[in-house]
Amino acid sequence: EAGVTQSPRYAVLQEGQAVSFWCDPISGHDTLYWYQQPRDQGPQLLVYFRDEAVIDNSQLPSDRFSAVRPKGTNSTLKIQSAKQGDTATYLCASSSRGLYAEQFFGPGTRLTVL
Amino acid sequence: GDSVTQTEGQVTVSESKSLIINCTYSATSIGYPNLFWYVRYPGEGLQLLLKVITAGQKGSSRGFEATYNKEATSFHLQKASVQESDSAVYYCALSDGNMGYKLTFGTGTSLLVDP
């Protein structure tokens, strides 16, 4: 069974540029998460979906970040105007429905904003 | 809000020696949180090592153990005899016991096992 896949694996931008990250979850997983992991910190949840609905986006900087999952499968996270403080690894995870369902993580996209 | 503290950023242990990685937590929700250890081996993605959802219980996997201590609010990771292949970054995490979907992670502990 294929795991969670993400692309691109790396991105380097100048401040003010836009970037999109793409995630393909494990087939059949209805819940999808996006995490931001700055260097030397743990992952921090940005947003999560159940099917196509956003369940919690309270930690997503809404002025520049957006996330969609239109058909309840793949998802895209976009940064409209990147800042140096956005430099981090962006992780996607998916899980099946259930309170204690394990989250499976993708390899991440490492973003550097110059 | 919820928080997880890992005091050691990096630990070096000789092969076959014992290991303990400290983790304490603070949870604001009613009820007890679920506790997890995740691991990232070099070149690989983050993966679940073990989890415990009931206070007082112990979880184990791959020779590692962790006991959910609600009085001390701790969930330390231990192994009696480490191997070089255990070199990795270990993250302690919790989720709300009532809404188990959101994980709160610690800052991680990088373990280097000397052969």
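Keep in mind that this is a model prediction, so the values were computed, not measured. (Residues numbered from 1 in each chain as written. Chains lettered and ligands numbered in written order. Predicted model: local features only at pLDDT ≥ 70, side-chain atom pairs only at ≥ 80, totals over all residues. Heavy atoms only, no water.)

### Brief notes about the interface of chain A and chain B
Contact residues are listed per partner, giving 17 residues for chain A and 19 residues for chain B. Taken together, the two surfaces of chain A and chain B that pack against each other cover about 1600 Å², and 56% of this comes from carbon and sulfur. There are zero salt bridges connecting chain A and chain B. If you look at where chain A meets chain B, you find one residue pair in polar contact (both at pLDDT 80 or more). Those elements that place two or more of their residues in the side of chain A that touches chain B are β4 (31-37) and β5 (44-50) of chain A. Of the residues belonging to the side of chain A that touches chain B, the class tally is eight nonpolar, six polar and three charged. (Contact = heavy atoms within 4.5 Å. Buried area = accessible area lost by both parts, 1.4 Å probe. Salt bridge = Lys/Arg side-chain N within 4 Å of Asp/Glu carboxyl O. Polar contact = N/O pair within 3.5 Å; in protein donor to acceptor, adjacent residues only side chain to side chain. Helix = DSSP H or I, 4+ residues; strand = E, 2+ residues; numbered from the N terminus. Nonpolar A, V, L, I, M, F, W, Y, C, P; charged D, E, K, R; others polar.)

### Some remarks on the pattern of salt bridges
Residues and elements named next belong to chain A. On inspection of all chains with the given rule, the structure shows six salt bridges over all chains. D86 is the salt-bridge partner of R64, the closest N and O atoms lying 2.6 Å from each other. With R64 in the loop between β6 (53-56) and β7 (65-68) and D86 in the loop between β8 (75-79) and β9 (88-95), this residue pair connects regions lying 22 residues apart in the sequence. Looking at R64, the relative accessible area reads 13%, which means it is buried. Among the charged side chains, a network of salt bridges with common partners joins D30, D51 and R97. (Buried < 20%, exposed > 50% of the residue type's maximum accessible area, 1.4 Å probe, protein only.)

### Structural notes on the sheet that holds strand β7 (residues 58-61) of chain B
Residues and elements named next belong to chain B. Ordered in space as β3-β9-β8-β7, the four strands form an open sheet in which the pairing is antiparallel. Two strands bound the open sheet, and with one partner strand each, they are β3 (19-21) and β7. Averaged over neighbouring strand pairs, the angle between their axes works out to 20° when direction is ignored. The sheet contact formed by strand β8 (residues 64-67) and strand β9 (residues 77-79) spans three bridges and is antiparallel. Bridge pairing in β9 places E65 opposite Q78. (Pairing = 2+ DSSP bridges. Axes fitted to C-alpha atoms, helices over the stretch in contact; angles between N-to-C directions.)

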